[in-house]
Amino acid sequence: MDNIILAGSGGCMREIFWQLQGQRKKQEGFHVLGYVDCVRPENEVGISVGGEEIAYLGDDDYLLEVKEAVNVAICVGSPVLRRKLAKKYARNPNICFPNLILGNTAVCADVRMGEGCIISMDARISTNVIIGNFVFMNTGSMVCHDGRIGDFVTLSPDVKLAGGVHVASGADIGIGSKVIQGIHIGENVVTGAGSVIIRDVEADSRVAGVPVRDIMHV
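Residues numbered from 1 in each chain as written. Predicted model: local features only at pLDDT ≥ 70, side-chain atom pairs only at ≥ 80, totals over all residues. Heavy atoms only, no water.

### A look at the sheet that holds strand S12 (residues 130–131)
Taking strand neighbours across the sheet as the criterion, the five strands line up as S9-S12-S15-S18-S21 in an open arrangement whose pairing is parallel. With one partner strand each, in any of the chains shown, strand S9 (112–113) and strand S21 (184–185) form the two edges of the open sheet. Looking at chain direction, S12 and strand S15 (residues 148–149) are connected through two bridges and run parallel. Directly across from isoleucine 131, in S15, lies its bridge partner isoleucine 149. (Pairing = 2+ DSSP bridges. Helix = DSSP H or I, 4+ residues; strand = E, 2+ residues; numbered from the N terminus.)

Now the structure itself:
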């Protein structure tokens, strides 16, 4: 079982650790050495999840100074912050970014995936799908056939993308959003919770509703 360090200390990191706990009980996945974050824990030791302590290793400099190969998972939901951290950590060539396939997921054998992706429990990825780098698919999210997901995209819990949907880099798709087939969602788009997307969405837009409407254009 390989070792891994988690980056981040929020709810996203704690949920990912919980899922890794489940894999470890089956002698699968990764063993977590601890976590790094710019905010020190109140008790100076770490964070407890499910009765198990996750050791606090230090801030980002801890990873930047690592001299041997180490696996790192960037456990933050924000595409903007995930991109920032990935760029920062990439300065150390000893850091590797494996893909985490967690829990009761289903990923077709012909899926192509970059590095640093996190596919949470109960997620589904169908045939002929391309997933970029540092994509975060939260619990119960689904990408149907021929989907294209760009770098640093976040699919929140229970997001459903029908066949042939393209989501460009940096998009943040809100919890429970649904997208009909063939839609293109531009870079850095943010969708509100429960959105139903039946038309293409321009880059840098914020949309919400059933069906969606613009609520702000960045």
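### Focus: helix H3 (residues 79–89)
Residues of H3 that are buried: Pro79, Arg82, Leu85, Ala86 and Tyr89. Relative to the axis of H3, the buried residues are bounded by an arc of 130 degrees and lie together on one face. In H3, the exposed positions angled more than 90 degrees off the buried face are occupied by Val80, Lys84 and Lys87. (Buried < 20%, exposed > 50% of the residue type's maximum accessible area, 1.4 Å probe, protein only. Arc of directions from axis to C-beta.)

### Here we look at the sheet that holds strand S2 (residues 30–36)
Taking strand neighbours across the sheet as the criterion, the six strands line up as S3-S4-S2-S1-S5-S6 in an open arrangement whose pairing is mixed. Two strands close off the open sheet at either side, each with one partner strand: strand S3 (46–49) and strand S6 (95–96). Where strand S5 (residues 70–74) and S6 come together, two bridges link them in parallel fashion. Looking at the pairing, valine 70 lines up with isoleucine 95 of S6.

### Regarding helix H1 (residues 11–25)
In an α-helix, one full turn covers 3.6 residues, which means residues spaced three or four apart are oriented alike. Between the first and last C-alpha of H1 there are 21 Å, a value that for 15 residues agrees with the 21 Å anticipated at 1.5 Å per step. Along H1, the residues classified as buried are Cys12, Met13, Ile16, Phe17, Gln19, Leu20, Gln21 and Gln23. (Expected span 1.5 Å × (residues − 1).)

### Describing the packing of aromatic side chains
Inspection of the entire model under this criterion finds three aromatic pairs. Between phenylalanine 97 and phenylalanine 134, the ring centres sit 5.1 Å apart and the planes meet at 75 degrees, which makes this aromatic pair edge-to-face. Residue phenylalanine 97 is located in the loop between S6 and strand S7 (100–101), and its partner phenylalanine 134 is located in the loop between S12 and strand S13 (136–137); the two are separated by 37 residues in the primary sequence. Members of the aromatic cluster, each reached through a chain of ring pairs, are Phe97, Phe134 and Phe152. (Phe/Tyr/Trp six-rings, centres within 6.5 Å; stacked < 30°, edge-to-face > 60°.)

### Remarks on the pattern of salt bridges
Tallied over the entire structure, the rule returns two salt bridges. A salt bridge links lysine 88 to aspartate 60; the nearest nitrogen and oxygen atoms lie 3.0 Å apart. Here aspartate 60 lies in helix H2 (residues 60–64) and lysine 88 lies in helix H3, a separation of 28 residues in the sequence. Exposure remark for lysine 88: the relative accessible area of 29% places this residue in the partly exposed category. Of the charged contacts, one joins arginine 199 and aspartate 214 as a salt bridge, the two residues approaching to 3.9 Å between their closest N and O atoms. One end of the pair, arginine 199, is in the loop between strand S23 (196–197) and strand S24 (205–209); the other, aspartate 214, is in strand S25 (residues 212–217), and 15 residues separate them in sequence. Its relative accessible area of 35% is what places arginine 199 among the partly exposed residues. (Salt bridge = Lys/Arg side-chain N within 4 Å of Asp/Glu carboxyl O.)

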